[in-house]
Amino acid sequence: MTASRMHSSMCFLSCILLVLWVVSLLSVSAVSTLDQMMPPRHNCCHIENTTQGMYKAYCNHCHLKSVPQDLPNRTIALDLSHNFISQLQSNSFGHLWNLINLNLKSNAIVHIENAAFTPLLHLKVLCLSGNKLTQIQPGLLNSSKNLTVVDLGYNLIPSVPLAAIKDLSNLQKLILMKNSIKSFDFQSVSKWRRISDVNLSRNDITSISKHAFSPLQNNSMHALDLRNNKITEVTPGVFSDLTIVHFIYLDANNINKFEVLAFMGNLKIKKLSLIGTSLKEIIPLNKSTCDGVDIPHILNIELSNNGIFDIPQYAFAGFNHTLSLKIRQNRLTMISNTSFCGLHSLEILDISGNQISSLPLAAFHCNENLLQLNISHNQILRLHPGSFVQLSKIQQLDLSYNMLSSWKYLSINVTLIVSVSLALIMVGYVAIVVYYRRWWVRYHLYLLKLAIFGYKDLEGKQHIEDYRDQLNVMFSDGDEDWVNNVMRPAMEEKFPQFESILWGDDYLEIGLYLVDAIHHALENSFKTVLVISNQSVEETWFMTKLRMALEHINDTKLDKVVLIFKENVEENHLPYLVRLFLSANRPYLKWEEDEYGQNLFWAKLEKNFRSNKVINNAIPV
């Protein structure tokens, strides 16, 4: 009996222990699951969970001097931009072997150890732009075979680092803009099969070797960007090894001649752009020397803002596929009725902004498919109806801003009529020139005003050094592309002294409520810029930020806010807050497409960035 009871007691005790063990296992599992759901903490970095249980770490603007070593090893995206990292060691990313996207933009990196990226087997996007790199070691990226984007822009690299990138068979986008590259040749590349974008703009390239692109011939490229270099000549056939390139940009070089021979071959181009390259001459195709050679398939040609003074007969012979040709803002004085022969498929022709004084009979008889013809801003005095014969499909003809007039010699004082007519023509001509060059006039008048009166704005006690951020830029979601593609690159180029700029909501202080973060940005920024457009004035959140900015002006009694009108906004479409701001004679600027208009814009903006004026009157918001 006693033995039976003891046996029962032992069984009962065993059951209790078993239950406690199961409960403890469940507790540990629950804690582990909770740990997976809750992102780890870091003093500065903002860490987000993804749907796959991985992490994204945002450590930008954290004043870091090295890569944080306490980040979770399941981090797949890491933003370390805008810090003070100067070197990357072999153990910098040893614990982050899951990284796919790594952003190291705008640090002070001068040296990278050869094994720094060895653990990053899954890395696809690597951004090292805006550093101080002078070389990329040959074996640096050997382990990162999955790389699709490599951004090395805005460094001091003297040549294309082919030894480091030639084996990246998955590479799609290579960015080397704004370095010190003087020449390039992709001859040693043999494994690139997916490359689509190559950006070599803003370098010191003077020439392109004839077969520089031969290893890329099997790729369908999206863009080849060679803008803002020092190329003086495009060698005949230099692009013939390529098959398909959607966009070729050769803008802002020193190319004096446009030769069809340079683009010969079985080449398809969506757009060929040579804007502002100092072009003076178009060399037509000499068929006697090019028999059997394929004519390039170019859909759009842009030759604007050059010095072309003549378009020879049959200058574009062979361009049977071209749909759009723009030769705006050149020095054309006349054209012949065979200048555009050969462009049988042409639908858009723009020769505006030249000095053409007359049109010949049947000037466009070879272009029967023309839909849009722009001859505005020329000096045409007389127009003969026969100039436009065979343009049966034309939908838009722009002859504005010319000098068209009708003449009769009447039976009264001919001398008086001629004199008065000439005087009127001269007045009209001067008025047109002044209007056309109005931004040039306004820009130089503004410079003269500054030279005479200087800067006499009443300054507050605060200076730009007293603020954490020099500039706070606010804009609506619809204007983000314009800010990133137009305003931001120009700002970074013209105001390199601004080391800390808040570009929209993504740069706001992490850990604060959104409204508090806006207040924090307004208080800690020397200037706040709001981009006004037809879309932004309809956005409730943007208008809320505008109201907060105006309230901040009233609180600080400093003119810290500038409005930039990206486009024309009708007065009756302007919200009440914007009209209040303008009625108080507050600073605002208007973006213009004209070159001198933009010069005036940047000059005024630079002046406005010098100080915060003290104000005496409040805005009734």
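Everything below is about the structure printed above this text.
Residues numbered from 1 in each chain as written. Predicted model: local features only at pLDDT ≥ 70, side-chain atom pairs only at ≥ 80, totals over all residues. Heavy atoms only, no water.

## Here we look at the overall build of the protein
Right, so step 1: A count of helices and strands for the protein gives nine helices and 25 strands.
Right, so step 2: The proportion of buried residues among the 621 residues of the protein is 44%.
Right, so step 3: In the structure as shown, the protein presents an accessible area of about 31700 Å², 54% of it carried by carbon and sulfur atoms. (Helix = DSSP H or I, 4+ residues; strand = E, 2+ residues; numbered from the N terminus. Buried < 20%, exposed > 50% of the residue type's maximum accessible area, 1.4 Å probe, protein only. Areas by Shrake-Rupley, 256 points an atom, 1.4 Å probe, with all protein chains shown as cover.)

## Brief notes about a nonpolar patch on the surface
Right, so step 1: A surface patch of nonpolar side chains, amounting to about 270 Å² of accessible area, comprises Met426, Tyr429 and Val430.
Right, so step 2: For Tyr429, the position within the fold is in helix α3 (residues 414-436).
Right, so step 3: For Tyr429, a relative accessible area of 31% gives the class partly exposed. (Patch = residues over 30% accessible without salt bridge, like charges linked within 9 Å, V, L, I, M, F, W, Y side chains within 5 Å. Salt bridge = Lys/Arg side-chain N within 4 Å of Asp/Glu carboxyl O.)

## Details of the pattern of salt bridges
Right, so step 1: Counted by the stated rule, this structure contains 12 salt bridges.
Right, so step 2: One salt bridge in this structure joins Lys191 and Asp167, with 3.7 Å as the shortest N-O distance. Remark: Asp167 occurs in the loop between α2 (162-165) and β9 (173-175) and Lys191 occurs in the loop between β9 and β10 (197-199); sequence separation between them is 24 residues.
Right, so step 3: When its relative accessible area of 28% is taken as the criterion, Asp167 is described as partly exposed.
Right, so step 4: Sharing partners across several salt bridges, the network here consists of Glu302, Arg328 and Asp350.

## With respect to the pairing of strand β1 (residues 46-49)
Right, so step 1: Of the strand pairs in this sheet, β1 and strand β2 (residues 55-58) are connected by four bridges, and their pairing is antiparallel. Paired with Glu48 across the strands is Lys56, a residue of β2.
Right, so step 2: If you look at the hairpin formed by β1 and β2, you'll find five residues sitting between the two strands, and Gly53 has a positive phi there, around 80 degrees. (Pairing = 2+ DSSP bridges.)

## Things to note about the state of the cysteines
Right, so step 1: Tallied over the entire structure, the rule returns three disulfides.
Right, so step 2: Covalently, Cys44 is tied to Cys62 through a disulfide, its sulfur atoms 1.8 Å apart. Linking Cys44 and Cys62, the disulfide has an S-S dihedral of approximately -85 degrees and is accordingly described as left-handed. On the criterion of sequence distance, the pair formed by Cys44 in the loop between α1 (2-37) and β1 and Cys62 in the loop between β2 and β3 (75-79) is long-range, its members being 18 residues apart.
Right, so step 3: A relative accessible area of 32% places Cys44 in the partly exposed class. (Disulfide = S-S within 2.5 Å.)

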